[in-house]
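One letter stands for each residue in the lines below.
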Amino acid sequence: SRPWIYLAGLTIALGITYFLAARLSLLLLTKPDGVAVFWPAAGVSAGVLIGFGPRARLPVIVGTMAATIAANVLGDRNIWSAVIFALCNAAEPVLAAAIIERFFGPSFNTDRLRNVLGLLAAAIVATAISGIGGTLGFELFHKSPSPTLTIWHHWLASDALGIITVAPLLIGLVHALRDPPPRSEVIEGSAVLAILTIVSALVVLLPREPWVAVVPTASLFPLLLWVSARCRSIFAAAAAFIVALTVVWTTTFGIGILGDPGLTITQRILCAQASILTVSLCTLVLAALFAERKAHELRLIHSNMMLEREQNNKLMTMQAITGSIAHELKQPLTAISANSETAQLILSQTQPDLEAARSALDSIVDDSHRAGQTLSDIRALFAKTDREQRPVDVNEIAFQVPRLLRDQLKADGVTTHVELASDLPPVRGHRGQLQEVMINLCQNAIESVSTVRTGPRTLH
C-alpha cells in the first residue's frame, strides 16, 4: 500500500550491505594499481536487481552510488574519482540485469545450465564495459604504475568474480522468499553448509606440505556435490560463497597453502581468483544440472498421471457406453420382435388387415434404423482421429449424451435439464471426439454433484 517505504528500505539495506562489502574488499588484498582482487559488492547490487526485477532499479542505483562514494572517500580516494567509480558501479548491475531480462525473461534463477552460462556472460559483458570507466577514473585521478590494459583486466576479474560468487546467492534468497523450500530440505542444506564451514576451517589450518594440495578437493568436493544434488540452487550458491570467503581470508592473512610466503603476492592472488572461479562455476553448474534432472522427473511424473487419468476416463466412458448400448439397443430390438410377431399374426389371418400389417412393418423399419444409428454413433465415438472433419450438429450431441449416461445419472440420483439454442449453426469437427468430450464433461459434473448431501442434484 506504500511502495515508497519498500523502495526506501531496499535502498538503505542495499547501501549498507554494499558499503560493508566494499570496505572489506578495500581493506583486504589489492593489486599494486589499487584495484581490489575480489569485489563481492558487485554481486550484491547485481543479485538484488536481478532477483527483485526492474522495480528495484532506482534503489540499486542510489544505494550503490552512495555506498561507493562513502567507501572510497573513507579510503585514499578523492571525491571526483569516487563519483566516477560510483557511476561505473551503478551502471554495472543495470547492464547485467538488462542482459538477463532481455535473453532469459523477468523470472530468473540459476536452476538451469543455460541460465548459469547466461549469468556468466552477463557478468563479463557488464564488468568489461564498467571497467572502461573505472580505468579512466584511475588514470585521471590516481597515479598507477600498471598499464591501462592491466588496470582494466583487474577491474574485470574482481567484479566478475563478485557477481558470479554473490549474485546467485541473493537471487536464490529472493526465490526462496517467494517459494520457500520444504523444512526437511532447509534442515539438510543448513547442516551441509555448517559441515562445509567446519571442514573449510580445518583445511586452512593444515600445514604447508606437498600432500596437503589434494586435501581441499578430496574434502570439499563431496560436500559441494551433496548440496548440489539434494538441495535447491540457493544452498549450492551459499556453499560456493563460503569457500570463496575462505580462499580470500587465507590468501589475505597468509594462512594455509594459499598463503605460502614462497609465492609472490601476484601469484597468490591469481591462485585465489582461479580457485574462486573454479569452485563457483563447478558448484553452480552441478546444481543446475541436478535441478534440470529433477524438473524432467517431475514433468515425467505429471505426464504419467495425466496419461493414467486419460485411461481412467476412457474406461469410464466405455463403461457408460456399454450400458447405453445395452439400453439403447434393447428398446428397438424388443419393438422389432413385437412388431414382427404382430405382422405374422395379421398375415396368418384368413382376411389379413393389410393396413395394420403395413404399419407394423413400418415400425420394424423405423426401429431398425434407430438401432443402426445407435451403432453408427458408437462407432464414430471410437473412430480414428485422422478422419476428415465434417459439419456436426452440436445440439444433437448435447441431446444424445444424457441418454447415453442415463444409467449413471439414475444411479447417482441426478436429474437433467437440457436447454438448446435453436439457431446454432453446424461446426466442422469429428463427431466422435466432440461426443467424447461432452461425455467427459458430464461425467465430471455428475461426480461433482454426487457430493451434495441435501437439495436437488441437477445437470443443466
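The structure this text deals with has already been given above.
Residues numbered from 1 in each chain as written. Predicted model: local features only at pLDDT ≥ 70, side-chain atom pairs only at ≥ 80, totals over all residues. Heavy atoms only, no water.

1. Let's talk about the overall build of the protein chain
Thinking step 1. From N to C terminus, the protein chain includes 14 helices and 4 strands.
Thinking step 2. Expected size for 460 residues packed as a compact globule is a radius of gyration near 23 Å; at 38 Å, the protein chain overshoots this value by more than 25%.
Thinking step 3. Projected onto its principal axes, the C-alpha positions of the protein chain cover 135 × 50 × 45 Å.
Thinking step 4. Within the span of the protein chain, comprising 460 residues, buried residues form 42% of the whole.
Thinking step 5. Partitioning the intrachain contacts of the protein chain with sequence separation of at least 6 by distance along the chain shows that 78% fall at a separation of at least 24.
Thinking step 6. Total accessible area on the protein chain is roughly 25100 Å²; 66% of this is exposed by carbon and sulfur atoms.
Thinking step 7. Taking the 35 positively charged and 34 negatively charged side chains of the protein chain as two groups, their mean positions are separated by 8 Å. (Helix = DSSP H or I, 4+ residues; strand = E, 2+ residues; numbered from the N terminus. Rg over C-alpha atoms; globule rule 2.2 N^0.38 Å. Buried < 20%, exposed > 50% of the residue type's maximum accessible area, 1.4 Å probe, protein only. Contact = heavy atoms within 4.5 Å. Areas by Shrake-Rupley, 256 points an atom, 1.4 Å probe, with all protein chains shown as cover. Lys, Arg positive; Asp, Glu negative; His and termini not counted. Charge placed at Lys NZ, Arg CZ, Asp CG, Glu CD.)

2. Quick look at the nonpolar core
Nonpolar side chains tend to gather and get buried jointly when the protein is soluble and globular.
Thinking step 1. Membership of the largest hydrophobic core comes to 63 residues, with the highest contact counts inside it found for Trp39, Ile50, Phe108, Ile163, Leu196 and Ile276.
Thinking step 2. The element best represented in this core is helix 9 (residues 233–252), accounting for 10 residues.
Thinking step 3. Once you skip the residues sitting within four places of it in the chain, Ile163 turns out to touch Ala42, Gly43, Ala46, Glu92, Leu119, Ala123, Thr127 and Pro168.
Thinking step 4. Formed by 13 residues, the second largest nonpolar core is a distinct cluster that contains Ala320, Ile397, Val401 and Leu459. (Core = buried A, V, L, I, M, F, W, Y, C linked by side-chain atoms within 4.5 Å.)

3. Let's talk about helix 14 (residues 431–449)
Thinking step 1. With 19 residues, helix 14 extends 27 Å between its outermost C-alpha atoms, agreeing within 8% with the 27 Å of an ideal straight helix rising 1.5 Å per residue.
Thinking step 2. When we look at burial in helix 14, the residues that qualify are Arg431, Gly432, Gln435, Glu436, Ile439, Asn440, Cys442, Gln443, Ile446 and Val449. (Expected span 1.5 Å × (residues − 1).)

4. Here we look at the packing of helix 6 (residues 148–178) against helix 9
Thinking step 1. Axis separation between helix 6 and helix 9 bottoms out at 8 Å; the angle between their running directions is 150°. Helix 9 is crossed by helix 6, and the crossing has left-handed handedness. Along the contact surface, helix 6 presents Thr165, Val166, Pro168, Leu169, Gly172, Leu173 and Ala176, while helix 9 presents Ile234, Ala237, Ala238, Ala240, Phe241 and Ala244.
Thinking step 2. Partitioning the contact of helix 6 with helix 9 into residue classes produces 11 nonpolar, 2 polar and no charged. (Axes fitted to C-alpha atoms, helices over the stretch in contact; angles between N-to-C directions. Left-handed = near helix turned anticlockwise from the far one by under 90°. Nonpolar A, V, L, I, M, F, W, Y, C, P; charged D, E, K, R; others polar.)

5. Quick notes on the packing of helix 12 (residues 394–404) against helix 14
Thinking step 1. Running from amino to carboxyl end, helix 12 crosses helix 14 at an angle of 50°, the nearest separation of the two axes being 10 Å. Between helix 12 and helix 14, the angle falls in the class oblique. For the pair helix 12 and helix 14, the crossing hand works out as right-handed. The segment helix 12 lies against helix 14, with Val394, Glu396, Ile397, Ala398, Gln400, Val401 and Leu404 engaging Arg431, Leu434, Gln435, Met438, Ile439 and Cys442.
Thinking step 2. Taken together, the residues of the contact of helix 12 with helix 14 break down into 9 nonpolar, 2 polar and 2 charged. (Parallel < 35°, antiparallel > 145°, perpendicular 65-115°, else oblique.)

6. Details of the side chain of Ser45
Thinking step 1. Positionally, Ser45 belongs in helix 2 (residues 40–52).
Thinking step 2. Its relative accessible area of 1% is what places Ser45 among the buried residues.
Thinking step 3. Among all residues touching Ser45, those that are not within four sequence positions of it are Leu14, Tyr18, Val60, Thr64 and Pro93.

7. Things to note about the environment of Ala128
Thinking step 1. Among the secondary structure elements, Ala128 is positioned in helix 5 (residues 113–141).
Thinking step 2. Judged by its relative accessible area of 17%, Ala128 falls in the buried class.
Thinking step 3. Once you skip the residues sitting within four places of it in the chain, Ala128 turns out to touch Trp152 and Leu156.

8. Quick look at the pattern of salt bridges
Thinking step 1. In this structure the tally under the stated criterion is 4 salt bridges.
Thinking step 2. Close ionic contact of Arg230 with Glu188 constitutes a salt bridge, the shortest N to O distance being 2.3 Å. With Arg230 in helix 8 (residues 215–230) and Glu188 in helix 7 (residues 183–204), this pair connects stretches of sequence that are 42 residues apart. (Salt bridge = Lys/Arg side-chain N within 4 Å of Asp/Glu carboxyl O.)

9. Description of the packing of aromatic side chains
Thinking step 1. This model, assessed by the stated rule, comprises 3 aromatic pairs.
Thinking step 2. With centroids separated by 6.0 Å and ring planes inclined at 45°, the aromatic side chains of Phe85 and Trp155 adopt a geometry described as tilted. Of this pair, Phe85 sits in helix 4 (residues 79–104) while Trp155 sits in helix 6, placing them 70 residues apart in sequence.
Thinking step 3. The exposure class of Phe85 is buried, given its relative accessible area of 2%.
Thinking step 4. Since its relative accessible area comes to 6%, Trp155 is described here as buried. (Phe/Tyr/Trp six-rings, centres within 6.5 Å; stacked < 30°, edge-to-face > 60°.)

10. Concerning the environment of Trp152
Thinking step 1. Tracing the sequence through the fold places Trp152 in helix 6.
Thinking step 2. For Trp152, a relative accessible area of 25% puts it in the partly exposed group.
Thinking step 3. Taking the C-alpha atoms as reference points, Trp152 and Leu409, 257 residues apart in sequence, are found 78 Å from one another.

11. Remarks on helix 2
Every α-helix carries 3.6 residues per turn, so stepping three or four residues along brings you back to the same face.
Thinking step 1. Helix length check: helix 2 (13 residues) gives 18 Å between terminal C-alpha atoms against 18 Å at 1.5 Å per residue, within 8%.
Thinking step 2. The element helix 2 is largely enclosed, with a buried count of 12 among its 13 residues.
Thinking step 3. The set of residues buried in helix 2 consists of Pro40, Ala41, Ala42, Gly43, Val44, Ser45, Ala46, Gly47, Val48, Leu49, Ile50 and Gly51.
Thinking step 4. Within two residues after helix 2, Gly53 carries a phi angle of roughly 90°, on the positive side.

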